[in-house]
Amino acid sequence: MAKAFFRLQKFLRRTQFLLFFLTAAYLMAGSLLLLQRTRLVVQQGSRGTSANQVPDGMARVGIVDPRTLPEPRPPVGTDAQQEPALEQQLGPRWLMSRNSELRQLRRRWFHRFISDQEPVQTAGFKAMKHTPEHKGTYVGCFSDESRDRTLKGAVFYDLRKMTVAHCQEACAERAYTYAGLAYGAECYCGNKLPATASKPEECNSECKGEKGSVCGGVNRLSVYRVEELRAGARRRRNVIYRGCFRAPENLTDTFPASLIQPNLTVEMCSEFCSKKEFPLAVIRGRECYCGYPTGRFSLHDGADGLLCRGLRNDSGAAEGKYCLVYQTPVQDTRCTDRKFLTTKSKVFVALSSFPGAGNTWARHLIEHATGYYTGSYYFDGALYNKGFKGEKDHWRSRRTICVKTHESGKTEIEMFDSAILLIRNPYKSLVAEFNRKYAGHLGYATDRTWKSKEWPDFVTSYASWWASHVLDWLKYGKRLLVIHYEDLKQSLIPKLREMVEFLNVTVTEDRLLCVENNRDGNFKRSGAKQKDFEPFTQEMKDLINRYILTVDEALRGRNFSGLPREYVPR
């Protein structure tokens, strides 16, 4: 019996050792396979991973492209204010917390974009060329500092598709003479160049969208003259009529440049002011004046157009008290300089809104008014390409003036010391977000998409999110400034001044007027595409209207002004 027991014990020991050995071998093999796959992903990423395809290895460490994730489903519950009947209608599948999905979008330092910014080594400079495909003439390599730009006109960015021809066309359409490229992805326009140039080899960055072509370098501009393009682009330039205004008492003191020309035309005055790099062309009879909107000439109080009738042909019309004002293709650059905060902000401020409520537009206004970049809880490559450089900065770096977020929930809200809460009409917000979801920042969803089952499901889930987002911030926000999108659009300067003061930044009146002159930015959908059907059913309207009344009551309960009357049901 003892011998049999001993054999059984010996067998079990061997089996235990064998199981341990097999388990260890399995774990080692799995680790080697994981390391091999991770190495392959890194190598593929260094060769230029598409912005729309995030490698598995990156996704595992939190680097995720928002466009590749499933659409978040917002919670229906809004604490005690949620209607029980509505909760039963939606069912348990909508009770999942939206924040658990949105949390995947958190920003965590995109290392792969840092490698994109590295300039091409000088050793490879001989392989690059100033491509002859464009019509402009290469002028040379010039130094360029952020505090003192060589070309002081319009600025464009494209981290992935910047080419010499693209930059030249953009500058030519805005009546500039020179186009300069830097860092392989930045385009600057202007009409004046310094007398001395830098060494040619210092411009050594390859264009992001054109291999073998030079697009400047670190603090260096590859400058091209675009005269040959300007003749063809002149037909595409937009000279916008701003209206008839009372002329300031002293025109020469108000406007830095002037021209007196017999038979003066709008085109002549606009061309003259464009060459001088001014955004406004002002005509009074034979006199042409160039300048900016200022406190003495703010363009806020327009006059009856009849008072300017015949003004271009008669210098004495209305005794010279009125003038015609036109917007030239030149960008007002008094407020385009932006930078990161030099020291970390002591107050962590959120710019919070429901998706589709105008957060990107508000960021554009804040950045140009304060001169500081805004950050983001997420990463959007399209926004970074358009100049929102804070997109790539870690959202908790405190180097930005405020941080965009669509988050709600106690934990996410209490991370911030204060917040600007941007609220928009839910009907308009839902339409805007649906367009963005299916057609990008500037596109429109197709009629087929609107009439599909996607739209009713979208309204059912997102309408509750619109309400819960506001209610959560009212409940858990420490210090709030509530801004209604409609009020900001109608009274831009007063509301923007209120936002800037909340951010504890002092700005001049001229800078705010510059922001107003550049109010649209790069993310305004061109026109309002009219649908030949009503997207909201009566059932949808009843649902949304209940949420509107709930939010309006909550705002008034916190001593804020209620929702704008235009969309509060009565």
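1. Some details on unusual backbone geometry
Working note: non-glycine residues mostly have negative phi, and peptide bonds are mostly trans.
Then step 1. Within the chain, Asn219 stands out as a residue other than glycine whose phi angle is a positive 55°.
Then step 2. By the secondary structure assignment, Asn219 is in the loop between strand S6 (210-214) and strand S7 (220-225).
Then step 3. A relative accessible area of 27% places Asn219 in the partly exposed class.
Then step 4. The backbone phi angle of Asn263 is positive, close to 55°, even though this residue is not glycine.
Then step 5. For Asn263, the location among the structural elements is in the loop between strand S9 (257-260) and helix H9 (266-275).
Then step 6. Judged by relative accessible area, Asn263 falls into the exposed class, the value being 71%.

2. Topic: the sheet that holds strand S12 (residues 322-327)
Then step 1. Read across the open sheet, the five strands follow the order S8-S12-S10-S11-S9; overall the sheet is antiparallel. Sheet topology places strand S8 (240-246) and S9 at the edges, where each strand pairs with a single neighbour. Adjacent strand axes in the sheet meet at a mean angle of 20° when their direction is disregarded.
Then step 2. Relative to S12, strand S10 (residues 280-284) runs antiparallel, the two being bridged by four bridges. Along S12, the bridge assignment pairs Ile283 with Leu324.

3. Looking at the state of the cysteines
Then step 1. Taken as a whole, this structure holds eight disulfides when the rule is applied.
Then step 2. Across the disulfide, Cys269 is cross-linked to Cys288 (sulfur-sulfur distance 2.0 Å). Its S-S torsion of approximately 80° makes the covalent link between Cys269 and Cys288 right-handed. With Cys269 in helix H9 and Cys288 in strand S11 (residues 287-291), the pair connects residues that are 19 residues apart, well separated along the chain. One exposure class covers both Cys269 and Cys288, and it is buried.
Then step 3. The disulfide partner of Cys273 is Cys290, and the S-S distance across this bridge is 2.0 Å. When the S-S torsion is -80°, as for the bridge of Cys273 with Cys290, the disulfide is left-handed.

4. What to know about the sheet that holds strand S4 (residues 186-190)
Then step 1. The strand order across the open sheet formed by five strands is S1-S7-S3-S4-S2, and the pairing between neighbours is antiparallel. Here the strands that pair on one side only, and so sit at the sheet edges, are strand S1 (137-143) and strand S2 (155-157). Going from strand to strand, the sheet's axes swing by 25° on average, the running direction of each strand aside.
Then step 2. Bridge count between strand S3 (residues 178-182) and S4: five bridges; the pairing is antiparallel. From the neighbouring strand, Tyr178 faces S4, where its bridge partner is Gly190.
Then step 3. Its contacts with the sheet put helix H6 (residues 164-172) on S2, S3, S4 and S7, and the angle it makes with S3 is roughly 140°.

5. Examining the pattern of salt bridges
Then step 1. Enumeration over the complete set of coordinates arrives at 14 salt bridges.
Then step 2. With its nearest N and O atoms 2.7 Å apart, the salt bridge here joins Asp393 to Arg399.
Then step 3. Overall, the relative accessible area of 4% leaves Asp393 in the buried class.

6. Brief notes about the pairing of S3
Then step 1. Counting buried residues in S3 gives five out of five residues, a clear majority hidden from the surface.
Then step 2. The alternating pattern of S3 places Tyr178, Gly180 and Ala182 and Ala179 and Leu181 on opposite faces, both of which are buried.
Then step 3. Between S3 and S4, which pair antiparallel in sequence order, lie three residues; one of them, Tyr183, sits at a positive phi of approximately 55°.
Then step 4. Bridge analysis of S3 against S7 gives four bridges, and the strand direction is antiparallel. Counterpart to Tyr178 in the pairing with S7 is Arg225.

7. Some thoughts on the nonpolar core
Then step 1. Counting 46 residues, the largest nonpolar core has Ile423, Leu430, Trp455, Trp466, Phe536 and Leu563 as the members making the most contacts within it.
Then step 2. The element contributing the most residues to this core is helix H15 (residues 454-476), with 13 residues.
Then step 3. The residues touching Trp466, leaving out its near neighbours within four places in the chain, are Phe354, Ile423, Arg424, Pro426, Tyr547, Ile548, Val551 and Leu563.
Then step 4. Core analysis: the second largest hydrophobic core is formed by 29 residues, Ile366, Ile420, Met499 and Phe502 among them.

8. Description of the packing of aromatic side chains
Within a pair of aromatic rings, the relevant descriptors are the distance that separates the centres and the angle that separates the planes.
Then step 1. Inspection of the entire model under this criterion finds 26 aromatic pairs.
Then step 2. Note on Phe340 and Tyr373: the rings are 4.9 Å apart at their centroids and 45° apart in plane angle, and the pair reads as tilted. Of this pair, Phe340 sits in the loop between S12 and strand S13 (349-353) while Tyr373 sits in the loop between helix H10 (359-370) and strand S14 (375-376); the two residues are 33 residues apart in sequence, bridging distant segments of the chain.
Then step 3. Pairing Tyr427 with Phe536 gives two aromatic rings, centres 4.9 Å apart and planes at 80°, and the pair type is edge-to-face.

Scoring rules and cut-offs
- All chains use their own residue numbering, which begins from 1 and follows the written sequence.
- Per-residue local features are limited, in this predicted model, to residues with pLDDT of at least 70; the limit for side-chain atom pairs, both in listing and counting, is 80 or more; totals at the level of whole chains, interfaces and linings are taken over all residues.
- With hydrogens and water stripped out, all remaining heavy atoms of the structure feed into the side-chain values.
- The way it works is that DSSP assigns letters per residue, a run of H or I at least four long becomes a helix, a run of E at least two long becomes a strand, and they are numbered from the N terminus.
- Only protein chains enter the area calculation, which uses a 1.4 Å probe; residues under 20% of their type maximum are buried, those over 50% are exposed, and those in between are partly exposed.
- Pairing between two strands requires that DSSP report at least two bridges joining them.
- Axis lines are fitted through C-alpha atoms, for helices just across the contact stretch, and the angle between N-to-C directions can take any value from 0 to 180 degrees.
- Throughout, a disulfide means two cysteine sulfur atoms within 2.5 Å of one another.
- Here, two residues are considered to be in contact whenever any of their heavy atoms come within 4.5 Å of each other.
- A side-chain nitrogen of Lys or Arg and a carboxyl oxygen of Asp or Glu constitute a salt bridge if their distance falls within 4 Å.
- Only buried residues count toward a nonpolar core, which is a set of Ala, Val, Leu, Ile, Met, Phe, Trp, Tyr and Cys residues joined through side-chain atoms within 4.5 Å.
- Here a pair means two rings of Phe, Tyr or Trp (six-membered ring of Trp) with centres within 6.5 Å. Their orientation is stacked below 30 degrees between planes, edge-to-face above 60, and tilted elsewhere.

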